[in-house]
Amino acid sequence: MIEAWRSFKTGNWNEHIDVRDFIQRNYTPYEGDESFLKGATQRTLRVLGKVQNLLKQEADKNGVLGVETNRVSSILTYRPGYIEKGEDIILGLQTEHPLYRAVNPFAGIRNAEQACDAYGYDIGDDVRREFKYRTTHNTGTFRVYTDAMKKARHAGILTGLPDAYGRGRLIGDYRRLALYGMDFLIEEKKKDMQKLGQNDMSDENIRLLEDVSKQIDFMKALVKMAAEYGCDIRRPAENSYEAVQWLYFAYLGGQKEQNGAANSLGRVTTFLDIYFERDMREGKIDETGVQELIDDLVLKLRLIRHLRTPEYNELFAGDPVWVTVSEGGTGEDGRTLVTKSSFRMLNTLYNLGSSPEPNITVLWSSVLPKGFKEYCAKVSIDTDAIQYENDDVMRPLYGDDYSIACCVSAMKTGKQMQFFGARCNMAKLLLMSLNGGKDEIYGDQIAPEGRIFDDNQPLNEADVIDALKKYMSWMAKLYVNTMNVIHYMHDKYAYERLIMSFHDTQPERLMAFGISGLSVLTDSLSAIKYAKVTPIKDDRGIIVDFKTEGDFPKYGNDDDRADDIACWITENFYKELCKTPAYRGAKHTLSILTITSNVMYGLKTGSTPDGRRAGEPFAPGANPMHGRDKEGALASLNSVAKLKYECCRDGISNTFSITPSTLGTSEDVRKRNLVTILNGYFLQGAHHINVNVLDRQKLIDAMNDPTLYPNLTIRVSGYAVNFNKLSRDKQEEVISRTFHEKM
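Residues numbered from 1 in each chain as written. Predicted model: local features only at pLDDT ≥ 70, side-chain atom pairs only at ≥ 80, totals over all residues. Heavy atoms only, no water.

A. Expanded view of the sheet that holds strand β6 (residues 386-390). Reading across the sheet, the five strands line up as β4-β5-β6-β17-β16 and stay open at both edges, with mixed pairing between neighbours. Single-partner strands in this sheet number two, and they are β4 (325-328) and β16 (655-658). Sheet twist, expressed as the mean angle between neighbouring strand axes with direction ignored, is 30°. Here β6 runs beside strand β17 (residues 688-693); their pairing, made up of three bridges, is antiparallel. (Pairing = 2+ DSSP bridges. Helix = DSSP H or I, 4+ residues; strand = E, 2+ residues; numbered from the N terminus. Axes fitted to C-alpha atoms, helices over the stretch in contact; angles between N-to-C directions.)

And the structure:
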């Protein structure tokens, strides 16, 4: 028993990498309330003041404080950086200066050049020379793309593809570094290489051998980086400070190497709480000191930045990085996984002020402790900064040691990884089906030629469904094959060496597909079935509009006539995706998630049979269209809850806004009512919900005068954002959403 593991209960984790076993044997469940929490220390407030000043400078400089243009970012590129040397507790920045952004051209040198240019910077000559003859992920992808893939991408029927930026959505098990130290982890990787060397040299085995070799190189580089800060991460963490610091170094190294969206932190507080509890028993730290460690860690996470192009920001508005942390949940043995540190993480929203990052996700279970449920509700009402996902739905599939990446994507921590892949525009797919495979805006033939529906008679539901099924099948096959190209090239030219070193050597792979425009397609098919919809063609002979006569059921009102259509769409498209094999044997998953791209998707889509006009935004994620869920908050939630997680295991995003007065007349009543709503929603098998408790007028006032609410945080679609960082069109779209004023 080494000193670092003193007083810990032993088990399988002592001999093999098994963080879950360590947690289950050593953590202390907490079923009390928040009364033990402490406020920010004076040191924390001083550092926070410096950060707030830097954030103001960043905002004044069009959102980018500075760019390190002359060096290619990697683990050892920069000298140690500090917010305020001597005041930082948790050490380490992405570059040498807080909030400065790094150049990472491995996904695409043109992207890096365009991102620099957008903010008034010129990429360094040394960087240009280094990449003059280097193949990037973007170059490799477009070498292989077929004409059909390029056309679908250009038309906006496949959007947000990670073919020009880092793919992201990976969660390393960064806890391993704190528990075992790097020497042990490297030795385990070497053992894996020896085993792989005994296999036949198939394509996959050769690829794995090279992957692990790269991982070991970067694990050694991280040791050197930490040493520059005076820390020896070769050995396990011996106390609370080192546990937090080692874990953060592991995460930070990945952010230096990769600029992919949603390289999330994972499920860390129950793990860290074991160190806190031990050190508190030994009298080495008190509650104030523990909170200070968490506060300082969160401050560092809030400084994570990546250099993005304006096009990327159109897709993912608000400059998010999705440093998602997962809190709560229940163990397979029935014990709560809530600890005091679950409360401490939420408490940072008070000590440091509301913020979108880290993206705090509460894993809601029917048996979560009452005190934690009520504290979560209080935090939601006060800050609008956390989201909820259904642990009772995910735990049977992923066990009790999974984490959330990005917004709604669950993975077994360190044992699964994801090939991320944006989404397909389902509303546009309907229009293409009616136009015989032609794009309604450009007039180009995107898909195989088919029947163009007549404009002198109403649409027949059976004929429309038949055409839609054929084009769904074509679209699904093209989508999977496009993703296969992207991730083959990303592995080849922009592999996440350090992040993947904190995974099992042979992780289970998931390939995440997505859809947008679900509510538009649902209501459009409902209109065709229950009303009278007649197409209108332009002089090109292309259907560009519709005359819809009569009423029809709309998704979001707990009406099975509409809601069943939404379920059919997701189930059928998922089945079609699964027919085409995915790269490296990955399992297909599907999400209903748009981020803030619902605005851009709408711009690329013509008028639809549901009455939505050309260019108008879609609803976000799985939400009903703005203003159509007229039967109240509970009916809207009931509709979304009918969507089956079994075919949408990459997540079902629902952003829910309710006015404070609707929720209750006092703080205690609002808190109790929100807990009741969440319990009822998740008991139906629903997967996810963002919660905003605010009035529409507050957003209007903030849009017209940002100084009124400079730190206003809202949930938008699977993540939170500073409202003032959204562009005007996206602010207006958020304001146009349903704010429920009746239950």
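B. Just the pattern of salt bridges, in detail. According to the stated counting rule, one finds 73 salt bridges in the structure shown. A salt bridge links Asp173 to Arg175, with the shortest nitrogen-to-oxygen separation between them at 2.7 Å. For the pair Asp173 and Arg175, one class covers both residues: buried. One salt bridge connects Arg509 with Glu204, and the closest N-O pair in it is separated by 3.8 Å. One end of the pair, Arg509, is in strand β11 (residues 508-516); the other, Glu204, is in helix α9 (residues 203-228), and 305 residues separate them in sequence. Salt bridges linked by common partners bring Arg167, Glu204, Arg207, Asp211, Asp491, Glu496, Arg509 and Arg584 together as one network. (Salt bridge = Lys/Arg side-chain N within 4 Å of Asp/Glu carboxyl O. Buried < 20%, exposed > 50% of the residue type's maximum accessible area, 1.4 Å probe, protein only.)

C. Representation of unusual backbone geometry in the model. Each neighbour pair has its own omega, and for Glu357 with Pro358 the value is -10°, a cis peptide bond. Within the secondary structure, Pro358 is located in the loop between α14 (340-351) and β5 (360-364). The phi dihedral of Leu99 falls on the positive side, at around 75°, and the residue is not glycine. Residue placement: Leu99 occurs in the loop between β1 (66-72) and β2 (100-103). In this structure Leu99 comes out as buried when scored by relative accessible area, which is 2%. Look at Ala422: it is not a glycine, yet its phi comes out positive at around 50°. The topology assignment puts Ala422 in the loop between β9 (416-420) and β10 (423-425).

D. Structural detail: helix α6 (residues 147-155). Along α6, the positions that sit buried rather than exposed are Met149, Ala152 and Ala155. Down the axis of α6, the sector holding all buried residues measures 140°, keeping them to one side. Buried residues in α6 make contact with β3 (158-159), α17 (426-434) and α18 (461-493). Residue Gly156 follows α6 closely and has a positive phi angle near 90°. (Arc of directions from axis to C-beta. Contact = heavy atoms within 4.5 Å.)

E. Spatial organisation of the nonpolar core. Residues Phe271, Tyr388, Leu525, Phe573 and Leu643 are the most contacted members of the largest nonpolar core, which totals 185 residues. Top contributing element to this core by residue count: α18, with 15 residues. The contact partners of Leu525, leaving out residues within four places of it in the chain, are Leu430, Val464, Ile465, Leu468, Ile565, Trp568 and Ile569. (Core = buried A, V, L, I, M, F, W, Y, C linked by side-chain atoms within 4.5 Å.)

F. Region of interest: the side chain of Lys256. With respect to the secondary-structure elements, Lys256 resides in helix α10 (residues 240-257). From its side chain, Lys256 meets the backbone oxygen of Gln94 in a polar contact 2.9 Å long. With sequence-adjacent residues up to four places away left out, Lys256 is seen in contact with Ser73, Ser74, Ile75, Tyr78, Leu93, Gln94, Thr95, Asn104 and Met225. (Polar contact = N/O pair within 3.5 Å; in protein donor to acceptor, adjacent residues only side chain to side chain.)

G. Seen up close, the side chain of His503. Examined against the element boundaries, His503 turns out to sit in the loop between α19 (497-501) and β11. Taking the relative accessible area as the measure of exposure, His503 reaches 1% and is therefore buried. Of note is the side chain of His503, whose polar atom sits 3.0 Å from the backbone oxygen of Ile499. Contacts of His503, omitting those with residues within four sequence positions, involve Ile171, Gly172, Arg176, Lys189, Gly414, Gln416 and Met417.

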